[in-house]
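Summary of structural features
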Amino acid sequence: MNEGVAVGPGEQVLDLFQGVRLTPTQRRIAHCLVRHAPTAAYLSAAEVAELAGVSQPSVTRFAVALGHDGYPALRRRLRELTAGAPVGAAAGNELQQAVRAEIGNLDHLAAQLGDRDRIAETGRLLAASRPLPVLGLRAAAPLAAYFAYFAAKVHPDVRVLDDGGSLLTDRLEQAAEAGAGALLAFVLPRYPRETLDALREARAAGLTVVAITDSPVSPAGEHADVLLPAAVGARLVFDLHTAPMTLAMVLLQAICDAAPTDTQRRLEAFEASAARRQLFLG
């Protein structure tokens, strides 16, 4: 953990899984514990199983995989990690708490970005992909569109994939045939099955999959070559995507940094075109 950065109970629980190879079912359990910390530390194995959508024996096997004798021992460890973490979070009303939780998510993202080399390498990978397909279905579709709108100003061929169905695989294969080397995917709760299917198809087509998702134990981890986590806020009726959107813009900065001369040329060309067409008031 980085000093000076507020660490929430979810991040503390996440440390339990570092360096452990988890099966897809175990990832679901781990993700459930992270998202529902610290309340999960007081649930029975049956309650965790129901919350994660798995069997109770799977929860027991998960605890053993982490080096514990059984789920009760894992639960004791969870309680130690989350001791003193208030279920209701910071002071203030529920709206203030939701915003403060987002500040915590951004703080955690900032700590992750200490490894600039990884982001720079991913930026170079995406910048070199011609075309660059960008996938986002359902709740993730607006983030894919937002990223693609700006990316198109510095990349010659950005293709947004925001519709599922049988044509999605066609479009992935067409992008690969046209020369694409990578796919950027936004994979956010509640994880559409079509999105995970598309990641499998993308890899089968020879694309390197870069996934922006909400957790290192997200289901996207099984299908992504590069996993970039940014926590999703879950304190309001609908999720807040502040950190994933910020990470998307950081990644776009890395794409720009990968080819600064081309970036400057394309931006200047756009500004000249915008001025000629009087696109903006200011």
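Above this text sits the structure in question.
The rules behind these values
Numbers given for residues are sequential positions, taken from 1 along each chain in its written order. Predicted model: local features are reported for residues with pLDDT of at least 70 only, side-chain atom pairs are reported and counted for 80 or more only, and whole-chain, interface and lining totals are derived from all residues. Excluded from the side-chain calculation are hydrogens and water; included are all heavy atoms of the structure. Note on conventions: DSSP H or I runs of at least 4 residues are helices, E runs of at least 2 residues are strands, and numbering of each starts at the N terminus. Restricting the calculation to C-alpha atoms gives the radius of gyration, and the globule rule supplies 2.2 Å times the number of residues raised to the power 0.38. Accessibility here uses a 1.4 Å probe with only protein chains present; expressed as a share of the type maximum, an area under 20% marks a residue as buried, one over 50% as exposed, and anything in between as partly exposed. In this description, contact between two residues means that some pair of their heavy atoms is separated by no more than 4.5 Å. All tallies of charge rest on Lys and Arg as positive and Asp and Glu as negative; His and the ends of each chain are not included. For charged residues, the charge sits on one atom: NZ in Lys, CZ in Arg, CG in Asp, CD in Glu. Between N-to-C directions, angles cover 0 to 180 degrees, with each direction set by a line fitted to C-alpha atoms, over the stretch in contact for helices. Every angle not falling under 35 degrees, over 145, or within 65 to 115 is termed oblique; those three ranges are roughly parallel, roughly antiparallel and roughly perpendicular. Amino acids outside the nonpolar list (Ala, Val, Leu, Ile, Met, Phe, Trp, Tyr, Cys, Pro) and the charged list (Asp, Glu, Lys, Arg) are all regarded as polar, and Gly is one of them. Criterion used throughout: strands pair if DSSP finds at least two bridges between them. Assignment of crossover handedness uses the view with strands pointing away from the viewer, where a clockwise path from the first strand over the helix to the second indicates a right-handed crossover. Patches here: salt-bridge-free residues with over 30% relative accessible area, like charges joined within 9 Å, nonpolar side chains (Val, Leu, Ile, Met, Phe, Trp, Tyr) joined within 5 Å. Only the protein chains shown count as cover for residues, with accessible areas throughout obtained via the Shrake-Rupley method and a probe of 1.4 Å. The working definition used for a salt bridge is a side-chain nitrogen of Lys or Arg within 4 Å of a carboxyl oxygen of Asp or Glu. The definition of a nonpolar core used throughout is a set of buried Ala, Val, Leu, Ile, Met, Phe, Trp, Tyr and Cys residues joined through side-chain atoms within 4.5 Å. Aromatic contacts are taken between Phe, Tyr and Trp rings whose centres are within 6.5 Å, Trp giving its six-membered ring; a plane angle under 30 degrees counts as stacked, one over 60 as edge-to-face, and the others as tilted.

**Considerations on the overall build of the protein chain**
Looking only at helices and strands, one finds twelve helices and five strands in the protein chain. In terms of overall size, the protein chain behaves like a compact globule, its C-alpha atoms giving a radius of gyration of 20 Å where 282 residues would be expected to give roughly 19 Å. Projecting the C-alpha coordinates of the protein chain onto the three principal axes gives extents of approximately 65 × 45 × 35 Å. Across the 282 residues of the protein chain, 44% fall into the buried class. The contacts in the protein chain between residues at least 6 apart in sequence include a share of 68% that link residues at least 24 apart. Both charge centroids of the protein chain, one from 27 positive and one from 30 negative side chains, sit 1 Å from each other.

**Let's talk about the packing of helix H2 (residues 24–35) against helix H4 (residues 56–65)**
For any two helices packed against each other, one specifies the crossing angle of their axes together with the interaxial distance. Contact geometry of H2 with H4 gives a least axis separation of 10 Å together with a crossing angle of 85°. On the basis of the axis angle, H2 is roughly perpendicular to H4. Between H2 and H4, the contacting residues are Thr25, Gln26, Ile29, Ala30 and Leu33 on the first element and Ser58, Val59, Arg61, Phe62 and Ala65 on the second. When grouped by side-chain class, the residues that make up the contact of H2 with H4 number six nonpolar, three polar and one charged.

**Section: the sheet that holds strand E3 (residues 182–187)**
Across the sheet, which stays open at both edges, the five strands sit in the order E2-E1-E3-E4-E5 with parallel pairing between neighbours. Strand pairing shows two members of the sheet lacking a second neighbour, strand E2 (158–161) and strand E5 (226–229), which therefore form its edges. When the angles between neighbouring strand axes are averaged without regard to direction, this sheet yields 20°. Packed onto the sheet, helix H7 (residues 116–127) meets strand E1 (132–136), E3, strand E4 (208–213) and E5 and runs at close to 120° relative to E5.

**Considerations on the pairing of E2**
Summarising the sheet, E1 and E2 pair through four bridges and their orientation is parallel. Within the sheet, the bridge partner assigned to Leu135 lies in E2 and is Leu161. Considered for its hand, the β-α-β crossover made up of E1, helix H8 (residues 141–151) and E2 is right-handed.

**Some details on a nonpolar patch on the surface**
Residues Tyr146, Tyr149, Phe150, Met245, Leu279 and Phe280 make up a contiguous nonpolar surface patch of about 550 Å² in total accessible area. Of note, Leu279 is situated in the segment after helix H12 (260–277). We classify Leu279 as partly exposed; its relative accessible area is 41%.

**Here's the deal with the nonpolar core**
Considering soluble globular proteins, one finds that nonpolar side chains tend to be buried as a cluster. Judged by nonpolar contacts, the single largest core of 32 residues is most densely connected at Leu126, Val134, Phe147, Leu184, Phe186, Ile212 and Leu228. The set of elements that each furnish at least two residues to this core consists of H7, E1, H8, E3, E4, E5 and helix H11 (242–258). Setting aside residues no more than four positions away along its own chain, Val134 makes contact with Ala144, Phe147, Val158, Arg159, Val160, Leu161, Leu183, Leu184 and Phe186. With 28 residues, the next largest nonpolar core counts Val13, Leu33, Ala37 and Leu66 among its residues.

**Focus on the packing of H7 against H11**
Between H7 and H11, whose axes approach to 7 Å, the crossing angle comes to 70°. By the angle between their directions, the pair H7 and H11 is classed as roughly perpendicular. Along its contact with H7, which presents Ile119, Ala120, Thr122, Gly123, Arg124, Leu126 and Ala127, the element H11 presents Leu247, Val250, Leu251, Ala254, Ile255 and Ala258. Along the lines of polarity and charge, the residues of the contact of H7 with H11 split into ten nonpolar, two polar and one charged.

**A word on the environment of Glu102**
Its location among the elements puts Glu102 in helix H6 (residues 94–112). When its relative accessible area of 5% is taken as the criterion, Glu102 is described as buried. Separated by 139 residues in sequence, Glu102 and His241 have C-alpha atoms that sit 8.8 Å apart. Setting aside residues no more than four positions away along its own chain, Glu102 makes contact with Val232, Gly233, Leu240, Thr242 and Ala243.

**Comments concerning unusual backbone geometry**
Cis geometry is found at the peptide bond from Arg130 to Pro131, where omega equals 5°. Tracing the backbone shows Pro131 in the loop between H7 and E1. Located in the positive-phi region is Tyr191, a residue other than glycine, with phi close to 55°. Looking at where Tyr191 falls in the secondary structure, it is placed in the loop between E3 and helix H10 (193–204). Of note, Gln278 is a non-glycine position whose phi angle comes to about 55°, a positive value. Counting through the fold element by element, Gln278 comes out in the segment after H12.

**Some details on the packing of aromatic side chains**
For the coordinates displayed, the defined rule picks out five aromatic pairs. With 5.7 Å between their ring centres and 50° between their planes, Phe17 and Phe62 make a pair best called tilted. One end of the pair, Phe17, is in the loop between helix H1 (9–14) and H2; the other, Phe62, is in helix H4, with 45 residues separating them in the sequence. The class for Phe17 is buried, based on a relative accessible area of 5%. Take Phe62: its relative accessible area is 0%, and that puts it in the buried class. Seen from their ring centres, Tyr146 and Phe150 are 5.2 Å apart, and the 70° between their planes marks the pair as edge-to-face. Of this pair, Tyr146 and Phe150 both sit in helix H8, four residues apart, roughly one helical turn. A residue is classified by how much of its surface remains accessible, and Tyr146, at 34% relative accessible area, is partly exposed. Pairwise contacts between aromatic rings join Tyr146, Tyr149 and Phe150 into one cluster.

Bear in mind that shape data such as this cannot, by itself, settle questions of function.
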